[in-house]
Amino acid sequence: GAVVSQHPSRVICKSGTSVKIECRSLDFQATTMFWYRQFPKKSLMLMATSNEGSKATYEQGVEKDKFLINHASLTLSTLTVTSAHPEDSSFYICSASGLAGSSYEQYFGPGTRLTVT
Amino acid sequence: GEDVEQSLFLSVREGDSSVINCTYTDSSSTYLYWYKQEPGAGLQLLTYIFSNMDMKQDQRLTVLLNKKDKHLSLRIADTQTGDSAIYFCAESKSGNTPLVFGKGTRLSVIA
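Read on for a plain summary of the structure. For clarity, every value in this text was computed on a predicted model and none was experimentally measured.

1. Some remarks on the packing of aromatic side chains
Thought 1: Here the structure, examined in full by the defined rule, presents 14 aromatic pairs over all chains.
Thought 2: One residue, B:Lys56, lies across the ring of B:Tyr48, its end atom 4.4 Å from the ring centre.

2. A look at the pattern of salt bridges
Residue and element names in this part refer to chain B.
Thought 1: Per the counting criterion, the structure on display carries 6 salt bridges over all chains.
Thought 2: Between Glu-38 and Lys-36 there is a salt bridge; the shortest N-O distance is 3.8 Å.
Thought 3: With relative accessibility at 36%, the residue Glu-38 sits in the partly exposed group.
Thought 4: Note on Lys-36: relative accessible area 9%, which makes it buried.
Thought 5: A salt bridge links Asp-83 to Arg-60; the nearest nitrogen and oxygen atoms lie 2.9 Å apart. Placement of the pair is Asp-83 in the loop between β8 (71-76) and β9 (85-92) and Arg-60 in the loop between β6 (55-58) and β7 (61-66), with a sequence separation of 23 residues.
Thought 6: You can call Arg-60 partly exposed: its relative accessible area is 33%.

3. Let's talk about the state of the cysteines
Thought 1: Within the structure shown, the criterion is met by 2 disulfides over all chains.
Thought 2: In this model A:Cys23 forms its disulfide with A:Cys94; the gap between the sulfur atoms is 2.0 Å. Looking along the S-S bond of the A:Cys23-A:Cys94 disulfide, the torsion reads about 80°, which is the right-handed sense. Separated by 71 residues along the polypeptide, A:Cys23 in strand β3 (residues 19-25) and A:Cys94 in strand β9 (residues 90-100) bring together distant segments of the chain. Here A:Cys23 and A:Cys94 have matching classes, each one buried.
Thought 3: Each disulfide pairs two cysteine sulfurs, and for B:Cys22 the partner residue is B:Cys89, the sulfurs being separated by 1.9 Å.

4. Some points on unusual backbone geometry
The phi torsion of most residues other than glycine is negative, and most of the peptide bonds are trans.
Thought 1: Backbone torsion omega between A:His7 and A:Pro8 reads 0°, so that peptide bond is classified as cis.
Thought 2: In this structure, A:Ser83 is a non-glycine residue whose phi angle is positive, near 45°.
Thought 3: As for its placement among the helices and strands, A:Ser83 is situated in the loop between β8 (76-81) and β9.
Thought 4: We classify A:Ser83 as partly exposed; its relative accessible area is 33%.
Thought 5: A positive phi is found at B:Gln59, a non-glycine position, where the angle reads about 55°.
Thought 6: Within the element layout of this structure, B:Gln59 appears in the loop between β6 and β7.
Thought 7: B:Gln59 gets classed as exposed once you look at its relative accessible area, which sits at 75%.

Each value, and the rule that gives it
Residues numbered from 1 in each chain as written. Chains lettered and ligands numbered in written order. Predicted model: local features only at pLDDT ≥ 70, side-chain atom pairs only at ≥ 80, totals over all residues. Heavy atoms only, no water. Phe/Tyr/Trp six-rings, centres within 6.5 Å; stacked < 30°, edge-to-face > 60°. Lys NZ or Arg CZ within 6 Å of the ring centre and 35° of its normal. Salt bridge = Lys/Arg side-chain N within 4 Å of Asp/Glu carboxyl O. Buried < 20%, exposed > 50% of the residue type's maximum accessible area, 1.4 Å probe, protein only. Helix = DSSP H or I, 4+ residues; strand = E, 2+ residues; numbered from the N terminus. Disulfide = S-S within 2.5 Å.

Printed below as a string of structure tokens:
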């Protein structure tokens, strides 16, 4: 299957700083990328849907000014957690969707564990 | 709204079969997935089934779909200690829409 990478895999930052997480589709063009968040021992919750070249669509309750999403190219989307606080500590996972033949397929990245101290 | 439900825990003995069940509410779900997550790791796609299928088998894994009851199950034959993990059921309308996940079933395999 296709490969989706995330960078960094782990990050620890101080409260009040910003952190950028990258999601890359390595061998296909991802027209849509999704960002999910997973709290400890919980399921994955969709944060936002990002289409290449347009503004992200955020789920209800997700602050768009706090979680900045950019999808500037067909292979890269970034999530920036601005002014991070300890409650933002979580596992962030992206998925990338693109055409494979005549249908869309979706692949998940390995996740980024963010710890805010 | 969309909802995916799973039991939270399952414990089996090594060598036995495990059956993890899932129900969903969205009748327009087209893709139904099973993911495995080991501690501290990301999601590993185990298998998926289209809604127009009722069974899919892949080595030790068997997925059964009852579309009428919106019930999905994952059977793991000859369960091994390495199968201990959290298993997530998920559904989506297409390959280009977000997945809706269940809360995950923690499978513990007793040696």
